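Close look at the chain arrangement
Residue strings, one per chain:
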Amino acid sequence: MISREEAFNLVSTWTENKNLIKHMLSVEAAMGSLAKHFGDDENLWKITGLLHDADYDKYPEKHPQIIIDELTKRNEDQRLIDAIRAHAWKYNGFETEPKTKMEWSLYCCD
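Residues numbered from 1 in each chain as written. Predicted model: local features only at pLDDT ≥ 70, side-chain atom pairs only at ≥ 80, totals over all residues. Heavy atoms only, no water.

**Examining the overall build of the protein**
Cut-off, in case you're wondering: Secondary structure follows DSSP: runs of H or I at least 4 residues long count as helices, runs of E at least 2 residues long count as strands, and numbering of each begins at the N terminus. Throughout, radius of gyration means the C-alpha value; the globule benchmark is 2.2 Å times the number of residues raised to the power 0.38. Accessible surface is estimated by sampling points in the Shrake-Rupley manner with a 1.4 Å probe; for residues, cover comes only from the protein chains shown. In this tally, Lys and Arg are treated as positive and Asp and Glu as negative; His is ignored, and so are the chain termini. Taken as the charge location is NZ of Lys, CZ of Arg, CG of Asp or CD of Glu.
Scanning the protein from N- to C-terminus turns up six helices and zero strands. Taken from N to C terminus, the helices and strands of the protein fall in the order α-α-α-α-α-α. The C-alpha atoms of the protein give 12 Å as radius of gyration, which agrees with the globular expectation for 110 residues (13 Å, within 12%). Based on the C-alpha atoms only, the size of the protein along its principal axes is roughly 35 × 30 × 25 Å. By element, 47% of the accessible surface of the protein is carried by carbon and sulfur atoms, the whole surface being about 5,900 Å². Looking at the protein, you have 14 positive and 20 negative side-chain charges, and the mean spots of the two groups are 2 Å apart.

**Concerning the side chain of D53**
The condition that has to hold: Burial classes: relative accessible area under 20% of the type maximum marks a residue as buried, over 50% as exposed, and values in between as partly exposed (1.4 Å probe, protein chains only). The salt bridge definition used is simple: a Lys or Arg side-chain nitrogen within 4 Å of an Asp or Glu carboxyl oxygen. We call two residues in contact when some of their heavy atoms are within 4.5 Å.
Topologically, D53 is positioned in the loop between α3 (42–51) and α4 (65–73). Buried within the structure, D53 lacks any salt-bridge partner; R85 is the closest side chain of opposite charge, at an N-O distance of 14 Å. With sequence-adjacent residues up to four places away left out, D53 is seen in contact with L20, H23, M24, H63, H87 and D110.

**Notes on the packing of aromatic side chains**
Note on aromatic pairs: each is described by the distance of the centres and the angle between the planes. Put simply, the rule reads: Stacked, tilted and edge-to-face pairs are distinguished by plane angle, under 30 degrees for stacked and over 60 for edge-to-face with tilted covering the rest, among Phe, Tyr and Trp rings (Trp via its six-membered ring) whose centres lie within 6.5 Å.
Scanning the model with the defined rule gives four aromatic pairs in all. Through successive ring pairs, a cluster of aromatic residues spans W89, W104 and Y107.

**Notes on α4**
Going by this rule: This arc describes the spread of directions from the helix axis toward the C-beta atoms.
Every buried residue of α4 is accounted for by I67, I68, E70 and L71. The arc that holds the buried residues of α4, viewed along the axis, is 165°, so those residues lie on one side. Directly after α4, the chain includes N75, whose backbone phi takes a positive value near 60°.

**Points about unusual backbone geometry**
In this model, H63 is joined to P64 through a cis peptide bond whose omega is 0°. By the element assignment, P64 lies in the loop between α3 and α4. Positive phi values are uncommon outside glycine, yet N75 reaches one of about 60°. With respect to the element layout, N75 can be found in the loop between α4 and α5 (78–86). The class of N75 is exposed, set by a relative accessible area of 69%.

**Observations regarding the pattern of salt bridges**
Across all of its chains, the model carries five salt bridges by this definition. Of the charged contacts, one joins E70 and R74 as a salt bridge, the two residues approaching to 2.7 Å between their closest N and O atoms. With a relative accessible area of 14%, E70 lands in the buried category. Of the residues examined, R74 reaches a relative accessible area of 34% and is grouped as partly exposed. Across the pair R79 and D77 runs a salt bridge whose closest N-O atoms are separated by 2.6 Å. Taken together, the shared-partner salt bridges in this structure form one network comprising E70, K73 and R74.

Structural measurements only, silent on function.
Given below as structure tokens:
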């Protein structure tokens, strides 16, 4: 799985808007707390929160397809990809409704 350092590097490379970076860091923290509450993988949830809007600054009209493509290319955990896809439910043509606790948590935190 992508390390926290690699994920933050991707976010900071793709994102110029400092407030958007703060937003992703906040969602990362919230997702970590929710993972702990639900007894799930805190690292996976936190990385998901950190990366969920990584492509938004450069590609708002394609968001989140660009980050999904990047994570797919890297063979990242499908749960990470699915949650990022589901957080865009009814946005930019994405119709995947959140189903899992992680997917709903990301959708609500965002």
